[in-house]
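Listed below are the residues making up each chain.
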Amino acid sequence: MVNKFELLPIFKSAHALVLEIYKLTAVFPQEEKYGLVSQLRRSAASVVANIVEGNARGHRKEFLEFLYIAKGSLEETNYHLLLAKDLGYLKEELYKDMISKSQEVGKQIVGLTKYWKAQEK
């Protein structure tokens, strides 16, 4: 059975980003397990969770609020990726690839936000 949110293109992109972050953080140093690994995974998962929760609310205004929160969580994820790169846990190429994927999710959040804001009129 497919959940309603799984049909959203934005869900698919954001969920794929979370899966990649889980894979890449699996090789981070053990001492980061409860630090950067946890923060990076939680912020990335928060993006998707807020999209799913906002969609489930069924009201445009609430969905918009959750999209704004998702965008904030995405920016937090970007910072954690930068920190991981600067600490030497991510190579430059992988960092750029992850930021590119994150930016795509960001564009989808902005697009969906614009769509729902236009519905106000």
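Preceding this paragraph is the structure being described.
Residues numbered from 1 in each chain as written. Predicted model: local features only at pLDDT ≥ 70, side-chain atom pairs only at ≥ 80, totals over all residues. Heavy atoms only, no water.

## Description of the overall build of the protein chain
When its secondary structure is counted, the protein chain shows four helices and zero strands. Expected size for 121 residues packed as a compact globule is a radius of gyration near 14 Å; at 15 Å, the protein chain falls within 12% of this value. With respect to the three principal axes, the spread of C-alpha positions in the protein chain is 50 × 30 × 20 Å. A burial count over the protein chain gives 36% of its 121 residues as buried. (Helix = DSSP H or I, 4+ residues; strand = E, 2+ residues; numbered from the N terminus. Rg over C-alpha atoms; globule rule 2.2 N^0.38 Å. Buried < 20%, exposed > 50% of the residue type's maximum accessible area, 1.4 Å probe, protein only.)

## Brief notes about the nonpolar core
Grouped together as the largest cluster of nonpolar side chains are 28 residues, with contacts concentrated most on Phe28, Val47, Ile51, Leu81, Val105 and Ile109. Broken down by secondary-structure element, the contributors of at least two residues to this core are helix H1 (9-25), helix H2 (36-57), helix H3 (60-86) and helix H4 (92-118). Every residue in contact with isoleucine 109, bar those within four places of it in the chain, is listed here: Ile10, Val47, Ile51, Leu67, Ala70, Lys71 and Leu74. (Core = buried A, V, L, I, M, F, W, Y, C linked by side-chain atoms within 4.5 Å. Contact = heavy atoms within 4.5 Å.)

## What about the packing of H3 against H4?
Relative to each other, H3 and H4 sit at 170°, their axes nearing to 10 Å. Put simply, H3 runs roughly antiparallel to H4. In this structure, the crossing between H3 and H4 has a hand that is left-handed. For the contact of H3 with H4, a count of residues per class yields 16 nonpolar, four polar and five charged. (Axes fitted to C-alpha atoms, helices over the stretch in contact; angles between N-to-C directions. Parallel < 35°, antiparallel > 145°, perpendicular 65-115°, else oblique. Left-handed = near helix turned anticlockwise from the far one by under 90°. Nonpolar A, V, L, I, M, F, W, Y, C, P; charged D, E, K, R; others polar.)

## Some details on H2
Over its 22 residues, H2 runs 31 Å from end to end, which matches the ideal 32 Å to within 8%, given 1.5 Å per residue. Buried within H2 are the following residues: Leu36, Val37, Leu40, Ser43, Ala44, Val47, Val48, Asn50, Ile51, Gly54 and Asn55. Check the buried side of H2 and you find it contacts H1, H3 and H4. One or two steps after H2, the chain reaches glycine 58, where phi turns positive at roughly 80°. (Expected span 1.5 Å × (residues − 1).)

## Some remarks on the packing of aromatic side chains
For the structure on display, the rule yields three aromatic pairs. Ring centres 5.2 Å apart and planes at 80° place the aromatic pair tyrosine 115 and tryptophan 116 in the edge-to-face group. Taking the relative accessible area as the measure of exposure, tyrosine 115 reaches 44% and is therefore partly exposed. Given a relative accessible area of 24%, tryptophan 116 falls into the partly exposed group. Three or more aromatic residues joined by ring pairs make a cluster, and in this case those are Phe63, Tyr115 and Trp116. If you follow lysine 85 out to its NZ or CZ, it ends over the ring of tyrosine 95, 5.2 Å from the centre. (Phe/Tyr/Trp six-rings, centres within 6.5 Å; stacked < 30°, edge-to-face > 60°. Lys NZ or Arg CZ within 6 Å of the ring centre and 35° of its normal.)

## Observations concerning the pattern of salt bridges
Going through the model one piece at a time under the given rule, you end up with seven salt bridges. Between arginine 57 and glutamate 53 there is a salt bridge, with the nearest N and O atoms lying 2.6 Å from each other. Taken as a pair, arginine 57 and glutamate 53 lie in helix H2 at a separation of four residues, close to a single helical turn. Residue arginine 57 is classed as partly exposed on the basis of its relative accessible area, which comes to 36%. Here lysine 85 and aspartate 86 are joined by a salt bridge, their closest N and O atoms 3.0 Å apart. With a relative accessible area of 52%, aspartate 86 lands in the exposed category. It is possible to trace a salt-bridge network through shared partners that takes in Glu20, Asp97 and Lys101. (Salt bridge = Lys/Arg side-chain N within 4 Å of Asp/Glu carboxyl O.)

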